[in-house]
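Read off the chains here:
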Amino acid sequence: MRFYDWRLKDEAFMAEALGLAARACGHVSPNPMVGAVLTKGGRIVSRGWHRRFGGPHAEVEAIHAAGRRAQGTTLYVTMEPCCFHGKTPACTNAVQSAGIERVVAATLDPNPRVNGRGMRQLRDCGIKTSVGLLGKEARRLNEAYFTSLRKRRPFVILKVAATLDGMIADSKGRSKWITGPQARVVGHGLRLCADAIVVGVKTVIADDPLLTCRVKPSKQLVRVILDSDLATPPGCRLLKEPGPVLVFTASSNAARVERLWARGVEVLRVGREKSGLLKWADVMAALHRRQLQTVLIEGGTTVASSALEAGIVDKVYVFQSPKILGPGKSFSFGLAARGLGQAIELKSVEHRCIGPDFLTEGYVHRAH
Ligand code: AOF
Ligand code: ZN
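Residues numbered from 1 in each chain as written. Chains lettered and ligands numbered in written order. Predicted model: local features only at pLDDT ≥ 70, side-chain atom pairs only at ≥ 80, totals over all residues. Heavy atoms only, no water.

## Overview of the packing of aromatic side chains
To keep things clear, this is the line we draw: Stacked, edge-to-face and tilted are the three classes for Phe, Tyr and Trp ring pairs, Trp counted by its six-membered ring, which pair at centre distances within 6.5 Å; planes under 30 degrees apart are stacked, over 60 edge-to-face, the rest tilted. The way it works is that DSSP assigns letters per residue, a run of H or I at least four long becomes a helix, a run of E at least two long becomes a strand, and they are numbered from the N terminus. Burial classes follow relative accessibility: with a 1.4 Å probe on protein chains only, a residue under 20% of its type's maximum area counts as buried, one over 50% as exposed, and anything between as partly exposed. Only when the NZ of Lys or the CZ of Arg is both within 6 Å of the ring centre and within 35 degrees of the ring normal is a charge said to sit over the ring.
Applying the stated criterion across every chain yields a total of 2 aromatic pairs. Judged by centre distance (5.1 Å) and plane angle (50°), the ring pair of Phe 13 and Tyr 76 falls under tilted. Within this pair, whereas Phe 13 is found in helix α1 (residues 2-22), its partner Tyr 76 is found in strand β3 (residues 74-77), the two being separated by 63 residues in sequence. The class for Phe 13 is buried, based on a relative accessible area of 7%. Considering the side-chain rings of Tyr 145 and Phe 146, the 6.2 Å spacing of their centres and the 90° angle between planes classify their relative orientation as edge-to-face. One Lys or Arg, Arg 23, reaches over the ring of Trp 49 and ends 4.6 Å from the middle of that ring. Residue placement shows Arg 51 over the ring face of Trp 49; its charged tip is 4.0 Å from the ring centre.

## Some thoughts on the site of ligand 1
Quick reminder of the rule: Nearness is defined per residue: one heavy atom within 4 Å of the molecule or strand is enough. As used in this structure description, the phrase polar contact means that two N or O atoms lie within 3.5 Å; if the pair is within protein, one of them must be able to donate a hydrogen and the other to accept it, and residues adjacent in sequence are counted only when both atoms belong to side chains. Ten residues, namely Ala, Val, Leu, Ile, Met, Phe, Trp, Tyr, Cys and Pro, are considered nonpolar, four, namely Asp, Glu, Lys and Arg, are considered charged, and the remaining ones, Gly among them, are considered polar.
Taken together, 18 residues form the shell around ligand 1, and within it His 57, Glu 59, Lys 87, Thr 88 and Asp 109 come nearest. Side-chain polar atom of Asn 31 to an oxygen atom of ligand 1: 3.4 Å apart, as the coordinates give it. Within the contact set of ligand 1, an oxygen atom lies 2.8 Å away from a side-chain nitrogen or oxygen of His 57. For the shell around ligand 1, the residue count by class is 8 nonpolar, 6 polar and 4 charged.

## Observations concerning the coordination of the zinc ion (ligand 2)
Operational definition: Donors, by definition, are the N, O and S atoms found within 2.8 Å of a metal, the threshold being 3.2 Å for Na, K and Ca, and water is not counted, so a site can look incomplete. Tetrahedral means four donors with every angle between 85 and 135 degrees, whereas square planar (four donors) and octahedral (six donors) require angles over 155 degrees between opposite donors and between 65 and 115 for all others; sites fitting neither are termed irregular.
Distances from the zinc ion (ligand 2) to its protein donors, namely His 57 (ND1), Cys 82 (SG) and Cys 91 (SG), fall within the range 2.0 to 2.2 Å. Every donor counted, the 4 donor atoms about the zinc ion (ligand 2) form angles of 99 to 120° at the centre, which fits tetrahedral coordination. Each donor residue of the zinc ion (ligand 2) belongs to the same chain, with the gaps between them written as H-x24-C-x8-C. Placement of His 57 in the loop between β2 (43-49) and α2 (58-66) and of Cys 91 in helix α3 (residues 91-97) is noted, with a sequence separation of 34 residues between them.

## What to know about the nonpolar core
Within soluble globular proteins, side chains that are nonpolar generally end up buried alongside one another. For clarity, the cut-off: Among buried residues, the Ala, Val, Leu, Ile, Met, Phe, Trp, Tyr and Cys ones that are joined through side-chain atoms within 4.5 Å form a nonpolar core. Residue contacts follow a heavy-atom distance rule, with two residues in contact if any of their heavy atoms lie within 4.5 Å.
Counting residues in hydrophobic clusters, the biggest one holds 35 residues, and the most contacted among them are Val 224, Leu 226, Phe 248, Trp 280, Leu 287, Ile 297 and Val 313. Listed by contribution, the elements that provide at least two residues to this core are β6 (155-163), β8 (196-200), β9 (222-226), β10 (245-249), α11 (280-289), β12 (294-297), α12 (301-310) and β13 (315-321). If we ignore the near neighbours within four places in the chain, the residues touching Trp 280 are Val 198, Leu 226, Glu 273, Ile 297, Val 303, Ser 306, Ala 307, Ala 310 and Ile 312. Core analysis: the next-biggest nonpolar cluster, separate from the first, contains 32 residues, Ile 157, Leu 192, Val 215 and Val 257 among them.

## Quick word on the domain arrangement of the chain
Filter applied, for reference: Where each domain starts and ends follows an automatic or database-derived domain assignment. Buried area, as used here, totals the accessible surface that two parts lose on assembly, with accessibility defined by a 1.4 Å probe and the loss added over both. Throughout this description, the term salt bridge denotes a Lys or Arg side-chain nitrogen within 4 Å of a carboxyl oxygen of Asp or Glu.
Examined at the domain level, the chain breaks down into domain 1 (6-144) and domain 2 (152-364). Distance from the C-alpha centre of domain 1 to the C-alpha centre of domain 2: 35 Å. Taken together, the contact between domain 1 and domain 2 spans 8 residues of the former and 14 residues of the latter. In total, about 1000 Å² of surface goes out of reach between domain 1 and domain 2, with carbon and sulfur atoms giving 47% of it. It is Arg 140, Glu 143 and Ala 144 that lose the most area in domain 1 upon contact with domain 2, and together they represent 46% of the buried surface on that side. Counting every contact that joins domain 1 to domain 2 gives 3 salt bridges. For Arg 140, the salt bridge goes to Glu 361, with nearest N and O atoms at 3.8 Å.

Next up, the structure:
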């Protein structure tokens, strides 16, 4: 019974650390979100989290907040302390000099410069260690970081706002507005946690979107347009908005490239599939090289269905409004016909009601 009590406390402290870590969503990439809690005698002494890229790490924040009270504490941290000097000094040294007695980490750090060495170093200097408490939750929180380091590609989220019959626009291409304002706010929140947002040129022409993150505290995403023939209008609104824009193309039309360069756009050439569409693998490789870990695809039809068909989507968010539209543009229109046995079946599915709308969230590939 006593053991059971401790286990519950352990979990509560780690859950607290995970909550702290999540506060940094959108502000630390390509670093992971990390939270830390120092405890003594079953009580929290101090808290910390990695707040911004280049800033102090979670453990250091917690140690700093505790001051001399860090002596003899247990550290609950959502990822193994780092053991190398990057932009900031190694956390293992800080943990050791603060006199921390025990370190409980939710996961190891997949960064090859750490990857178990942090915990080993702590053990070697007599600190009690354990790894794995709420590990699944911690891996899920940093799913983009783990995917980027382990699979050497970005973590890809597809976001769709559709009617009950799966339409993302009417037959004339109009998509404003399918879901209600509350669902749109949640959809916008996805941009906060993303590093890049991807749309097709048809969406740029039809909707003239800004593709910015307008929830607070806001941040700049890299805006990406897939534009085989360089049809992006140089006068479109998103080019007037500050922040990086990447245009992927298969065209070598120098005049069009220069017109976009003049607007501060970076134009990158990639290969074409037999279908004529740009090669997703090339696009993903380029985004990975830029350390963009979370890539949010916002459609339309060609982009959404070709991404699903290419198997590059990790997670899907479908916001569904209770409307039946009849023939329009369905987000899966470009998928090859398949039998029910071959349908793309989401895993670890969660559902939420948002005002009158309904959100289905799930993973295309095996979840954590
Ligand atoms: C930790 N605690 O809070 C975070 C860690 O350049 P730096 O010094 O900021 O180091 C970045 C690396 O540190 C990052 O790639 C990852 O391996 C680790 N992140 N480690 O001990 C933290 N954010
Ligand atoms: Zn560190």
